[in-house]
Structures are given as C-alpha cells and as structure tokens.
Amino acid sequence: MEASFVIAKLITLVLSLVVAYLAYHGYRRNGQTPMLYVAAGFVFIGAGAICEGLIYLVFRTTIASAALVQAAIVSSGMVLILVSLTK
C-alpha cells in the first residue's frame, strides 16, 4: 500500500478515537446517555477507516467486498450518532 494512504487512514483513526474518548468522558462526567452513543459511533467510524485495507490484505477479498464491509461499519457509526441526536 502507498504510504500516504496508510498515513491518511491512521490520522482518521486517531482523530475518531480522540473524539470518541472526549464523548465518553462527557458521558462519565454528566451521565448523558446520548454522549455514549456518540462515543460508540465514532469508534465504529474509526474502525471503518482502517478495516477496508485490512480486510483486503488479510482475507484477500476483492476491493469491492472490502469496501462494502467498510461502508456497513461506518454506516453503523453514523446511525449511532443519529440516534444520539434524536434522544
């Protein structure tokens, strides 16, 4: 894989985990359940950022099937964030 691609994915992962940590810290401080959903949503988004390449390389799948799994994981994270906004 190209180094710039890996660096971009790692930056996305780190940023999403930082946001998830801050949201979880907000949940622990205030006890507001929506913040827990936000934290979980950003964990899913961060996992989705790196899973496409890992699935493609480790399981030797097609890039289309790896992208489908990545889209499902990121979409799950977005749904969790959406749920937090409606509570």
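Above this note sits the structure.
Residues numbered from 1 in each chain as written. Predicted model: local features only at pLDDT ≥ 70, side-chain atom pairs only at ≥ 80, totals over all residues. Heavy atoms only, no water.

K.L.:
Please set out helix 2 (residues 33-58) residue by residue, giving values where relevant.
P.N.:
With 26 residues, helix 2 should cover 38 Å at 1.5 Å per step; its first-to-last C-alpha distance of 36 Å lies within 8% of that length. Roughly 40° is the biggest bend found in helix 2, and it falls at cysteine 51. Elements that come into contact with the buried residues of helix 2 comprise helix 1 (3-30) and helix 3 (63-86). In the stretch just after helix 2, arginine 60 is the one whose phi turns positive, near 50°. (Helix = DSSP H or I, 4+ residues; strand = E, 2+ residues; numbered from the N terminus. Expected span 1.5 Å × (residues − 1). Bend = angle between axes of the 7 residues up to and from the residue. Contact = heavy atoms within 4.5 Å.)

K.L.:
Go over the packing of helix 1 against helix 2, please, and point to the residues and values.
P.N.:
It is the contact of helix 1 with helix 2, at a shortest axis distance of 8 Å, that shows an interaxial angle of 165°. By the angle class used here, helix 1 and helix 2 are roughly antiparallel. Relative to helix 2, the crossing made by helix 1 is left-handed. Residue composition of the contact of helix 1 with helix 2, by class: 17 nonpolar, five polar and two charged. (Axes fitted to C-alpha atoms, helices over the stretch in contact; angles between N-to-C directions. Parallel < 35°, antiparallel > 145°, perpendicular 65-115°, else oblique. Left-handed = near helix turned anticlockwise from the far one by under 90°. Nonpolar A, V, L, I, M, F, W, Y, C, P; charged D, E, K, R; others polar.)

K.L.:
Kindly report on the packing of helix 2 against helix 3, identifying the contributing residues and their values.
P.N.:
It is at 7 Å that the axes of helix 2 and helix 3 come closest, and there the two elements cross at 175°. Considered as vectors, helix 2 and helix 3 are oriented roughly antiparallel to each other. Residue composition of the contact of helix 2 with helix 3, grouped by class: 21 nonpolar, six polar and one charged.

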